[in-house]
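# Understanding the architecture of this molecule
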2 protein chains.
Amino acid sequence: MREMKLGLFFAPGGHHLAAWRHPDAYPNGFSFQSYISAAQTAERGLFDMVFVADVFSLTPDGMRADSFRFEPITLLSALAVATSKIGLVATATTSFNEPYNVARKFASLDHISGGRAGWNIVTSSSPLEAFNFGLEEHLNHAERYRRAHEFVEVVRGLWDSWDDDAIAIDKTEGIFFDPAKMHMLNHKGAHYRVRGPLSLPRSPQGHPILVQAGSSEDGRNLAAEFAEVIFTIQRDLAEAQAFYADVKAKVAAFGRDPGHALIMPGVLPIVGRTRHEARDRYEQLQALIHPQAGLAALSRTLGTDLTGVDIDGPLPEIRSEKLSETRAMGMVETARRDGLTVRQVYERLVVSKGHRQVVGTAADIADTLQEWFEAGGADGYNIMPAMMPNGLTDFVELVVPELQRRGLYRRAYRGNTLRDHLGLPRPADLAAPVSREQATVRAR
Amino acid sequence: MREMKLGLFFAPGGHHLAAWRHPDAYPNGFSFQSYISAAQTAERGLFDMVFVADVFSLTPDGMRADSFRFEPITLLSALAVATSKIGLVATATTSFNEPYNVARKFASLDHISGGRAGWNIVTSSSPLEAFNFGLEEHLNHAERYRRAHEFVEVVRGLWDSWDDDAIAIDKTEGIFFDPAKMHMLNHKGAHYRVRGPLSLPRSPQGHPILVQAGSSEDGRNLAAEFAEVIFTIQRDLAEAQAFYADVKAKVAAFGRDPGHALIMPGVLPIVGRTRHEARDRYEQLQALIHPQAGLAALSRTLGTDLTGVDIDGPLPEIRSEKLSETRAMGMVETARRDGLTVRQVYERLVVSKGHRQVVGTAADIADTLQEWFEAGGADGYNIMPAMMPNGLTDFVELVVPELQRRGLYRRAYRGNTLRDHLGLPRPADLAAPVSREQATVRAR
Ligand SMILES: Cc1cc2nc3c(=O)[nH]c(=O)nc-3n(C[C@H](O)[C@H](O)[C@H](O)COP(=O)(O)O)c2cc1C
Ligand SMILES: Cc1cc2nc3c(=O)[nH]c(=O)nc-3n(C[C@H](O)[C@H](O)[C@H](O)COP(=O)(O)O)c2cc1C
């Protein structure tokens, strides 16, 4: 039976822009402990994975709770020891890293966690990030994605540096590994030259899971070629179905099994024991949005300084070259179409970073998750609790059991690796006979 | 009272080149669990820190046990959760990383571990590493060190991005941090341009501990300017005293307190309940050196392929430009002076990577550690167990109590951070009145 996949998208205070201001919410400081509890709660809820984003989203006004973040790979490596089953997906950008370092970190995390690592491949859209890496401006979109393709190829090549059985420890003969089972990469491409091999044995999953979240044409192509999990922003079922169909077709065009590319839109749930309670919680959070913080978040998303505009007037004209992200374009379109004021844009769209908000009882939320899942809109969801920790505990205690009753969700982990949870095959090593899917991959 | 500092230099099977072949030794595979046990044993022995090297030392013959290594920062971050007091020092090279990434990783590790992080600054000496980072050959020595100086300055600057009390969470007013307590770096140097700030609050130790291990003139200067812990290879007391005096004088010349730069030579101990037992253990290990592995290790250390030489003849002439490391030069000198054969060179020097070997009872070993410590040769030691796990357990169970009885070593941890253990002051944030030592640092 097809089962829904669930990820927890980390956000210390919650994903709602103003949640951190709620008295019940984190943060009370900057705390690793809050991540441990969140990961353990998600594991109690049998989630497939936790996911940590990595964006340089610091706004100097001091009004945002997501200004500070742990470096993703140190965070997940520590969480590997505090959990035992849940998958651990970290973001790493192809724009400001070396492929050798990225390959090694994720392979190492995969070893340490016993096969639970995943890499969310991003190219980074904020120019603010570029300023920390010696650049005056960010690489352009097309160039970023060209580098990303080559980068991912190098990383995968490095992950295949060793056959699975290369460690041949023979103490008597003094043989530690079998040299015939080592593969130099000798990659010489347009952007990278990498000899290999990686100084780590092949990792438990063969390759850590590849995740991608770009929605532009280039982003979808990268996802279609490589990604096993695809994060996306979808607020409307019809659009989600169109995205789902398009990406699955692109995956097939790359010679891959569309079932091996799982599409997981983000969902910000606000659960109540009654609809009234849920609505109440939602309104409490909306009331906490400081207009200045709302405006700053909108300005940043749109790449345009909106200081001084009338927040109860219509959204001003935004120069389209400012809209570096597909997400931002979608917001402007929605605002135009629905005639939203500036305040409405940030209240309805920006508070959840563009993601779908669902407000209701556990049954209501299960209904809509089930609907999209069965109607070809999603293979699962990246759950974005509005407020932490309550938003997550409510989801795990109320919504998960409802999904289980409906036969849509596992009642126990059936394996130990993230690949096991997601039902994805383990890529064979280079010594193995080549499968059709792998042959396509290797041919390119 | 002045107390000896102790670090555990990690090596899965042990530091003796052939230890892994011993039936009692790790490895039986590639195992994260072996690192957890080692770190916990060292913590039981009240060690100041564990230390993980990062060198690309893979030889394609398959005869070395240190071919495979975890990526250091993932390893230590995971160990942070499995331990509670011991310091965690990881190596990261300034040659193939970006300062922003390094600053962030170590600050994050410092947060996750509650103030136990240290960074071993290296410039990487093996050209094999360069081939994985787009280069045809390694940067030359002087250029590497020039970059390293600027790199460390940037990293320290980023660690001061925030005052200690910048997080001002005021839920009522919607203020998450105080913008007046944020400092942009705006670094524009010869090699790096980095704007900052770091997207992490200032870490528990202010700055993670800076460690350095270069022995060349350039290496010593880098150490003298920045390092709070200095690793070194010293086999002879007189030379160790000369090194100690030279480095401490250089530290003072930089306007720093020489007591804030702790010198820790490596020691490979082989402990026995009797001298006879210790000698026996040593000889057992020596007998396990496969001549081919000994020769390969020596070839690699000297940067010169020695295949085919008569191992019982004298060391052939080595072209001095091949000797990229101070360590290698020292070995060639010792070999010439003492008229060693090739076999003797690898048996006496290379098996412990050039470090001092001490063989005897707990009292013998305590004697020699005490002698150097009191005679101005060392502030502590980087302990390199010959074989794991026994070599470490023996040290902790036999030598540590002996050092405690002599009043040379702590009987309990007195603080929680690595700075506490090492007795090093916490650098003040940029808002604090400037101390003399810091003024010197800031002026440059
Ligand atoms: C759920 C989700 C998570 C994302 N996480 C990150 C992230 O951590 N870092 C980042 O730079 N971009 C992140 N993105 C943005 C995309 O990966 C991508 O960089 C952005 O949408 C621009 O790419 P595009 O032009 O192909 O749409 C995320 C997007 C989504 C939908
Ligand atoms: C105890 C110790 C540990 C070291 N660890 C590393 C390491 O992890 N990675 C590395 O590239 N070099 C390491 N080195 C080598 C030095 O940091 C330095 O790169 C080398 O000695 C060459 O520098 P020099 O020319 O200044 O001597 C280590 C040296 C010592 C003594």
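These lines cover the structure that appears in this document, whether it is placed above or below. The structure presented is a predicted model; accordingly, all values stated were derived computationally and were not measured.

## Digging into the interface of chain B and chain A
- The interface of chain B with chain A comprises 73 residues on the first partner and 74 residues on the second.
- Summed over both partners, the interface of chain B with chain A comes to about 6200 Å²; 64% of that surface belongs to carbon and sulfur atoms.
- The largest per-residue losses of area from chain B upon contact with chain A belong to F68, K171 and F176 of chain B, which jointly make up 13% of the total buried on that side.
- Between the two partners, chain B and chain A, sit 4 salt bridges.
- Note that E136 of chain B is salt-bridged to R193 of chain A, the shortest N-O span being 2.8 Å.
- Here chain B and chain A share 36 residue pairs in polar contact (both at pLDDT 80 or more) between them.
- Of the residues belonging to the side of chain B that touches chain A, the class tally is 39 nonpolar, 19 polar and 15 charged.

## Structural notes on the site of ligand 1
Residue and element names in this part refer to chain A.
- The full set close to ligand 1 counts 22 residues, and D54, H141, Y145, S216 and T326 are the nearest of them.
- A distance of 3.3 Å separates an oxygen atom of ligand 1 from a polar atom in the side chain of T91.
- H141 is positioned such that a nitrogen or oxygen atom in its side chain is 2.6 Å from an oxygen atom of ligand 1.
- For ligand 1, whose free accessible area comes to 620 Å², the fraction covered by protein is 96%.

## Description of helix α3 (residues 99-112) of chain A
- With 14 residues, α3 of chain A should cover 20 Å at 1.5 Å per step; its first-to-last C-alpha distance of 20 Å lies within 8% of that length.
- The element α3 of chain A is largely enclosed, with a buried count of 14 among its 14 residues.

## A few points about the pattern of salt bridges
All names here are of chain A.
- Per the stated rule, a full pass over the model turns up 52 salt bridges over all chains.
- The salt bridge involving R2 is made with D379; its shortest N-O contact spans 2.9 Å. In this pair, R2 sits in the segment before β1 (5-9) while D379 sits in the loop between α12 (362-374) and β13 (380-383), placing the two residues 377 residues apart along the sequence.
- By relative accessible area, D379 is classed as buried at 5%.
- We note a salt bridge from R44 to E397, for which the minimum N-O separation is 3.6 Å.

Reading the values: rules and limits
Residues numbered from 1 in each chain as written. Chains lettered and ligands numbered in written order. Predicted model: local features only at pLDDT ≥ 70, side-chain atom pairs only at ≥ 80, totals over all residues. Heavy atoms only, no water. Contact = heavy atoms within 4.5 Å. Buried area = accessible area lost by both parts, 1.4 Å probe. Salt bridge = Lys/Arg side-chain N within 4 Å of Asp/Glu carboxyl O. Polar contact = N/O pair within 3.5 Å; in protein donor to acceptor, adjacent residues only side chain to side chain. Nonpolar A, V, L, I, M, F, W, Y, C, P; charged D, E, K, R; others polar. Near = heavy atom within 4 Å. Areas by Shrake-Rupley, 256 points an atom, 1.4 Å probe, with all protein chains shown as cover. Helix = DSSP H or I, 4+ residues; strand = E, 2+ residues; numbered from the N terminus. Expected span 1.5 Å × (residues − 1). Buried < 20%, exposed > 50% of the residue type's maximum accessible area, 1.4 Å probe, protein only.

Spatial relationships are all this shows, so hold off on functional conclusions.
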